[in-house]
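So the chains spell out like this:
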Amino acid sequence: DDSAVPALVESLSDSSKNVQRCGAEALTKIGQAAVEPLLDALIGKDQSARKWAAEALGERCDSRVFHALVIGDGTVTLGMLQEKIERWIAEST
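For clarity, every value in this text was computed on a predicted model and none was experimentally measured. (Residues numbered from 1 in each chain as written. Predicted model: local features only at pLDDT ≥ 70, side-chain atom pairs only at ≥ 80, totals over all residues. Heavy atoms only, no water.)

So, about a negative patch on the surface. Taken together, the side chains of Glu36, Asp40, Glu83 and Glu86 make up a negatively charged region of the molecular surface. Breaking the negative patch down by element, the ones donating at least two residues are α3 (32–42) and α6 (78–92). Within the element layout of this structure, Asp40 appears in helix α3. Residue classification places Asp40 among the partly exposed positions, given a relative accessible area of 41%. (Patch = residues over 30% accessible without salt bridge, like charges linked within 9 Å, V, L, I, M, F, W, Y side chains within 5 Å. Areas by Shrake-Rupley, 256 points an atom, 1.4 Å probe, with all protein chains shown as cover. Salt bridge = Lys/Arg side-chain N within 4 Å of Asp/Glu carboxyl O. Lys, Arg positive; Asp, Glu negative; His and termini not counted. Charge placed at Lys NZ, Arg CZ, Asp CG, Glu CD. Helix = DSSP H or I, 4+ residues; strand = E, 2+ residues; numbered from the N terminus. Buried < 20%, exposed > 50% of the residue type's maximum accessible area, 1.4 Å probe, protein only.)

Structure representation (structure tokens):
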């Protein structure tokens, strides 16, 4: 259910590793509706949320292609990186 996405993204920052893992698994199953919130979490300040967001996004793609996309242009702003990732996701789905 797409309406659960905000609460599930919030769960990635929970103090319980079990809650974090379950939230990431659920977000992976939700699919496309979770991608943009996961990208936001990926560039957010919470280290735990970034880790789980990357894991949830990684379930949806080949990590070798994703890493090439991320480092291919060298240093870029987070906004530029987010645009690249969103464009790649749109083209890949």
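Picking up after the structure, the text goes on.
To continue, consider the environment of Gln47. Looking at the element boundaries, Gln47 is found in helix α4 (residues 47–58). Expressed as a C-alpha distance, the spacing of Gln47 and Leu12, which sit 35 residues apart in the sequence, is 9.6 Å.

On to the nonpolar core, then. Ranked by internal contacts, the top residues of the largest apolar core, which has 20 residues, are Leu12, Leu27, Leu38, Leu39 and Ile89. Going through the elements one at a time, α1 (5–11), α2 (17–30), α3, α4 and α6 are the ones with two or more residues in this core. Non-local contacts of Leu27, meaning those with residues more than four positions away in its chain, are made with Val5, Leu8, Val9, Leu12, Ala34 and Leu38. (Core = buried A, V, L, I, M, F, W, Y, C linked by side-chain atoms within 4.5 Å. Contact = heavy atoms within 4.5 Å.)

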